Amino acid sequence: MADYQAPLRDMRFVLNEVFDAPALWASLPKVAEHVDPETADAILEEAGKISSGVLAPLNREGDEQGCKWNDGEVTSPDGFKEAYQTIVEGGWNGLGGNPDFGGMGMPKTLVAQFEEMMQGANMAFGLAPMLTAGACLALDAHGSDDLKEKYLPNMYSGVWSGAMDLTEPHAGTDLGIIRTKAEPNEDGSFNVTGTKIFITWGEHDMAENIIHLVLAKLPDAPKGPKGISLFLVPKFLVNDDGSLGERNSFSCGSIEKKMGIKGSATCVMNFDGAKGWLVGEENKGLAAMFTMMNYERLGVGIQGIGAAEASLQSAREYALDRIQSRAPTGAQQPEKAADPILVHPDVRRMLLTMKGYVEGGRAFSTYVAQWLDISKYAEDDERRKHAEGMVALLTPVAKAFLTDRGLDACIMGQQVFGGHGFIREWGQEQLVRDCRITQIYEGTNGIQALDLMGRKVVGTRGKLYELFAQDVANFLEESSGNEHLRPFLEPLAAAVERLDDVTEHVIKQAGDNPNAIGAASVDYLDLFGLTALGYMWAKIAKAAAPQAEADTSGFYSGKMKTARFYYDRLLPKTVSLAEGIRSGSDSMMALTAEEF
Ligand SMILES: Cc1cc2nc3c(=O)[nH]c(=O)nc-3n(C[C@H](O)[C@H](O)[C@H](O)COP(=O)(O)OP(=O)(O)OC[C@H]3O[C@@H](n4cnc5c(N)ncnc54)[C@H](O)[C@@H]3O)c2cc1C
């Protein structure tokens, strides 16, 4: 197995050359106060050292040992506690946090790179800081000043970690039917009672306190999603002076045995009149939780890229080293018994497909992060609103497309190893097992596709979609005279036109066919994602082209060649997806239950 190396060269290229992030940061005064290019570079460098040097070496052992449950206590795998301490000492939990409460105020464009390194190095571990950062975001956006002052500083520092408690045994996708109850107390607090399952890092030994954000229903709450409220429920109650008080009345009943991310604890949490405090307004808990979930959704998309990058690194090294058969054009290394498998077109297809998705995906997650930064920090209302629209539209694409292609890339990396990819030794099978959950949690990818097609596209009658289409149109216009981009501009314009047509088609169909949205949604999200990555590869080519000819490192010339591969072999998949979507829902709905 190749040792995971943080892809700093590519991250710097994406940030500085593809997106000119320093100019974006300078245009947002609240961001400019905290970050400049030198600071950003130092953060990347340090994050790279921690990911490669501290987190990656624990990844295999974490998978082998898993977490251990004993009478409500959860012990993390060897080394995790110390690694978590390193994260606390560096303040990494609060990297993007609100400086008023001890966060570092770094922009998401930069934080996204740190997240990718951490998840690529060790996904099971990376979930703890990720959930803590998400919980902080929801608390910062919706909590009262008292709650923020009491909890945020210790959560940003990581001394206390965060967990997200939505799922119940009978309620996963459909949170409207949750049963957990919250009864008001006279002192303004609530007693929370119910069972939550699948709670990631809901109990562990790495932090001094664990702050749960729990969805529950107040007495007499309206039925369905409009009757859900959000509560902060700490493992240890916090005294007025900030010290830890008695243990709250809830506990971890067990942890799950599971396919992957075995180094993380997936907990059953039993709340038995546990003391909690309302976050945000009564019955508006789902909206408040969405602040956290939207953040986590991009984070989960980034997990897909992280795992795929790790897989690509190992597969590339193996393809250069493993010798089998001769190249179709004749022996390339006649002194050896066979040539390295990299000579075979099919091995190259796999590596290039991985590269296309990983590097294009990294640019896409940075693109979404850029809109998140503008939506959070722009001072001009119109600019902020525009960015909010982009974030709403692109978040489900980032979550589902990057994890679907992330798993594809992990499986291709495994395939490059042949039988050696199937056995434990090389680590490829762990990546496949770990990455698989990213398609399921934080809302399954099927639900992401419904969110995109139903709420964001049809629900706005194409208005949000237009924002994206216009952004690509602007790029095409400003790049029209660029000779280097000649192979890309026409196919990109055609792909966007195809997406325009399909978008319009489904909006029309949805008017009189209730199954139209669900029948189109997953293929539509794929079509959208492939087109969006096509746009990213055109941007990458634009940034790389001026340097490519004189490039002796192979970095820029490699970018131009990978862009060509993406346009030749991956973007054309949009044609068949569009064709399938146009066939409508008839064949999908035709079978009776018995015929299945
Ligand atoms: C390892 C792990 C960690 C997790 N971590 C957390 C956590 O920290 N906190 C937390 O609260 N939860 C967590 N979860 C729960 C996770 O978010 C849910 O499992 C997920 O949202 C799906 O819910 P479900 O499993 O109940 O599936 P179901 O909701 O039963 O769905 C089953 C299938 O039906 C489909 N489906 C359901 N409804 C519809 C619909 N309306 N239209 C079309 N298709 C539909 C789904 O896409 C899916 O394919 C975790 C789960 C796992 C396995």
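Thresholds applied
- Residues numbered from 1 in each chain as written.
- Predicted model: local features only at pLDDT ≥ 70, side-chain atom pairs only at ≥ 80, totals over all residues.
- Heavy atoms only, no water.
- UniProt positions renumbered as here; feature names shortened; annotations may be inferred.
- Helix = DSSP H or I, 4+ residues; strand = E, 2+ residues; numbered from the N terminus.
- Rg over C-alpha atoms; globule rule 2.2 N^0.38 Å.
- Buried < 20%, exposed > 50% of the residue type's maximum accessible area, 1.4 Å probe, protein only.
- Contact = heavy atoms within 4.5 Å.
- Areas by Shrake-Rupley, 256 points an atom, 1.4 Å probe, with all protein chains shown as cover.
- Disulfide = S-S within 2.5 Å.
- Phe/Tyr/Trp six-rings, centres within 6.5 Å; stacked < 30°, edge-to-face > 60°.
- Lys NZ or Arg CZ within 6 Å of the ring centre and 35° of its normal.
- Lys, Arg positive; Asp, Glu negative; His and termini not counted.
- Salt bridge = Lys/Arg side-chain N within 4 Å of Asp/Glu carboxyl O.
- Expected span 1.5 Å × (residues − 1).
- Bend = angle between axes of the 7 residues up to and from the residue.
- Core = buried A, V, L, I, M, F, W, Y, C linked by side-chain atoms within 4.5 Å.
- Near = heavy atom within 4 Å.
- Polar contact = N/O pair within 3.5 Å; in protein donor to acceptor, adjacent residues only side chain to side chain.
- Pairing = 2+ DSSP bridges.

- The name that an unreviewed UniProt entry assigns to the chain is 3-methylmercaptopropionyl-CoA dehydrogenase, with the source organism given as Marinobacter sp. MMG032.
- Quoted verbatim from the Function (unreviewed entry) field of UniProt, the annotation for the chain is "Involved in the assimilation of dimethylsulphoniopropionate (DMSP), an important compound in the fixation of carbon in marine phytoplankton, by mediating the conversion of 3-(methylthio)propanoyl-CoA (MMPA-CoA) to 3-(methylthio)acryloyl-CoA (MTA-CoA)."

### Focus on the overall build of the chain
Step number 1: Broken down by element type, the chain carries 20 helices and eleven strands.
Step number 2: For 596 residues, the compact-globule estimate of 2.2 N^0.38 gives 25 Å, and the chain sits close to it at 24 Å.
Step number 3: Taking the principal axes of its C-alpha atoms as reference, the chain extends roughly 80 × 60 × 60 Å.
Step number 4: Within the span of the chain, comprising 596 residues, buried residues form 57% of the whole.
Step number 5: Across the chain, the fraction of contacts at a sequence separation of at least 24, relative to all contacts at a separation of at least 6, is 74%.
Step number 6: As displayed, the chain offers around 24,300 Å² of accessible surface, 51% of which is attributable to carbon and sulfur atoms.

### Concerning the environment of Asn239
Step number 1: The topology assignment puts Asn239 in the loop between strand S8 (236-238) and strand S9 (244-247).
Step number 2: The partly exposed category is assigned to Asn239, whose relative accessible area is 34%.
Step number 3: Remark: the alpha-carbon pair of Asn239 and Lys150, spanning 89 residues in sequence, is separated by 9.1 Å.
Step number 4: Residues in contact with Asn239, not counting those within four places in the same chain, are Lys150, Leu244 and Gly245.

### Focus on the state of the cysteines
Step number 1: Considering all chains together, one arrives at zero disulfides under this definition.
Step number 2: No disulfide involves Cys252; its sulfur sits 4.0 Å from the nearest other cysteine sulfur, which is in Cys267.
Step number 3: Judged by relative accessible area, which is 2%, Cys252 ranks as buried.
Step number 4: Free of any disulfide, Cys435 has its nearest neighbouring cysteine sulfur in Cys410, separated by 4.1 Å.

### Overview of the packing of aromatic side chains
Step number 1: By the definition in use, this model includes 25 aromatic pairs.
Step number 2: Judged by centre distance (5.2 Å) and plane angle (85°), the rings of Phe555 and Tyr556 are edge-to-face.
Step number 3: Classification of Tyr556 by relative accessible area gives buried; the value is 11%.
Step number 4: Here the aromatic residues Phe19, Phe364, Tyr367, Trp371, Tyr465, Phe468, Phe475, Tyr524, Phe528 and Tyr535 are joined through ring pairs into a cluster of three or more.
Step number 5: Above the face of the Tyr357 ring, Arg405 is positioned so that its terminal group lies 5.9 Å from the ring centre.

### Some points on the side chain of Asp165
Step number 1: Here Asp165 shows up in strand S3 (residues 160-165).
Step number 2: Comment: no salt bridge for buried Asp165; closest opposite-charge side chain is Lys196, at 7.1 Å.
Step number 3: Apart from residues no more than four positions distant in its own chain, Asp165 is found in contact with Lys196, Ile199, His212, Leu213, Val214, Leu215, Met269, Phe271 and Met289.

### Some thoughts on the UniProt feature "domain: Acyl-CoA oxidase/dehydrogenase middle" (unreviewed entry) in the chain
Step number 1: Here, the residues flagged by UniProt with the feature "domain: Acyl-CoA oxidase/dehydrogenase middle" (unreviewed entry) are residues 163-272.
Step number 2: Helix makes up 0% of residues 163-272 and strand makes up 47%, while its end C-alpha atoms are separated by 17 Å.

### Notes on helix H12 (residues 381-416)
Step number 1: Across its 36 residues, H12 extends 50 Å between first and last C-alpha, which sits within 8% of the 52 Å expected from 1.5 Å per residue.
Step number 2: At Leu394, H12 shows its strongest bend, of approximately 35°, with the proline Pro396 following within four residues.
Step number 3: The positive-phi residue at the C-terminal boundary of H12 is Gly418, with phi of around 55°.

### A closer look at the UniProt feature "domain: Acetyl-CoA dehydrogenase-like C-terminal" (unreviewed entry) in the chain
Step number 1: In this numbering, the UniProt entry assigns the feature "domain: Acetyl-CoA dehydrogenase-like C-terminal" (unreviewed entry) to residues 468-591.
Step number 2: Secondary structure content for residues 468-591 is 81% helix and 0% strand, while the C-alpha to C-alpha distance between its ends is 37 Å.

### Some thoughts on the nonpolar core
Step number 1: The biggest cluster of nonpolar side chains holds 170 residues, and the ones touching the most others in it are Phe364, Tyr367, Leu394, Phe468, Tyr524 and Phe528.
Step number 2: When residues of this core are assigned to their parent elements, the largest contribution, 19 residues, is made by helix H17 (residues 516-548).
Step number 3: In contact with Tyr367, not counting residues within four places along its chain, are Phe19, Met390, Leu394, Phe468, Asp471, Tyr535 and Met536.
Step number 4: Judged by nonpolar contacts, the second largest core, of 30 residues, contains Ile178, Ile228, Leu232 and Met293.

### Regarding the site of the ligand
Step number 1: The ligand sits among 19 residues. The nearest are Thr167, Thr173, Phe198, Thr200 and Thr444.
Step number 2: For the ligand, a nitrogen atom lies 2.7 Å from a polar atom in the side chain of Thr167.
Step number 3: Notes on the ligand: free accessible area 970 Å², of which the protein chains cover 61%.
Step number 4: Of all elements in the fold, only S3, strand S5 (190-200) and helix H14 (445-458) reach the threshold of two or more residues within the shell around the ligand.
Step number 5: Of the residues forming the shell around the ligand, the biggest block, three residues, is contributed by S5.

### Some remarks on the pattern of salt bridges
Step number 1: Going through the model one piece at a time under the given rule, you end up with 32 salt bridges.
Step number 2: With its nearest N and O atoms 3.5 Å apart, the salt bridge here joins Arg247 to Glu73. Pair noted here: Arg247 is in strand S9 and Glu73 is in strand S2 (residues 73-75), with a separation of 174 residues, a long-range link.
Step number 3: Look at Arg247 and you get partly exposed, because its relative accessible area is 32%.
Step number 4: Relative accessible area serves as the criterion here: at 41%, Glu73 is assigned to the partly exposed category.
Step number 5: For the salt bridge of Asp526 with Arg405, the shortest nitrogen-to-oxygen distance reads 3.0 Å. Taken together, the residues span a long stretch of sequence, with Asp526 in helix H17 and Arg405 in helix H12 at a distance of 121 residues.
Step number 6: Residue class for Arg405 comes out buried when judged on its relative accessible area of 13%.
Step number 7: Connected via shared salt-bridge partners are Asp10, Glu116, Glu309, Lys355, Glu359, Arg362 and Lys559.

### Comments concerning the pairing of S3
Step number 1: Counting buried positions along S3 yields six of six residues, so the element is predominantly enclosed.
Step number 2: Alternating residues of S3 divide into Trp160, Gly162 and Met164 and Ser161, Ala163 and Asp165, and every residue in both groups is buried.
Step number 3: Bridge count for S3 against strand S6 (residues 209-216) is six bridges, and the pairing is parallel. For Asp165, the partnering residue across the bridge sits in S6 and is Val214.

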